[in-house]
Amino acid sequence: MTLTDARKILEQYKADNELVQEALNLVVSRLPVPSNTPTAFERLMDIRNRIKKNNNGYDPFSTRSRTVENSTWRNCVYYQMRNEGYTYDSIGKASGYDHATVVVAYKRLKNYLETRDRDTIRIWNKLQTYLNQ
């Protein structure tokens, strides 16, 4: 088994167990990324396009609005991309924010999901639906 194979298996497994997820996120982020993986910018554009397509043209990155809705959407995207193995720095550069913004957003979203915040879960579930289409 190669490290890339291990990465794929761990990515599949981490979704099944919240207690293991944090440890796996760390391990997965350190394993080699397959060569056909899109850049952070390409992945972000793909996610933005899926959100726009499924949400009447809405794009949470089109402005720097700090409304709860826009911030939560951006945080969900950062969380998704970080869980896919992109670095905080590469996500920040791709989105036009700095890595510290992405770090805070990731931690905030993780906490909101753990406390079962209704609005966060609603947006997170929508994003997952859009990404699985």
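Residues numbered from 1 in each chain as written. Predicted model: local features only at pLDDT ≥ 70, side-chain atom pairs only at ≥ 80, totals over all residues. Heavy atoms only, no water.

Asks: Explain helix α5 (residues 88–95) to me, using residue names and the numbers behind them.
Replies: Within α5 the residues assigned to the buried category are I91, G92, A94 and S95. For α5, the buried positions fall inside an angular range of 165 degrees around the axis, keeping them on one side. Against the buried residues of α5 lie α3 (40–54), α4 (68–83) and α6 (99–114). Where α5 terminates, the next one or two residues include G96, which has phi positive at roughly 85 degrees. (Buried < 20%, exposed > 50% of the residue type's maximum accessible area, 1.4 Å probe, protein only. Helix = DSSP H or I, 4+ residues; strand = E, 2+ residues; numbered from the N terminus. Arc of directions from axis to C-beta. Contact = heavy atoms within 4.5 Å.)

Asks: Report on the nonpolar core, specifying residues and quantitative values.
Replies: In terms of nonpolar packing, the biggest core is built from 26 residues, with I47, I51, V77, Y78, M81, W124 and L127 touching the most fellow members. Of all the secondary structure elements, the ones that give two or more residues to this core are α3, α4, α5, α6 and α7 (118–131). Among residues more than four places away in sequence, those in contact with V77 are L44, I47, I51, F61 and L127. (Core = buried A, V, L, I, M, F, W, Y, C linked by side-chain atoms within 4.5 Å.)

Asks: Run through the side chain of R74, naming residues and quoting values.
Replies: Within the secondary structure, R74 is located in helix α4. Leaving out residues up to four positions away in the same chain, R74 has contacts with P60, F61, T63, R64, S65, R66 and Y97.

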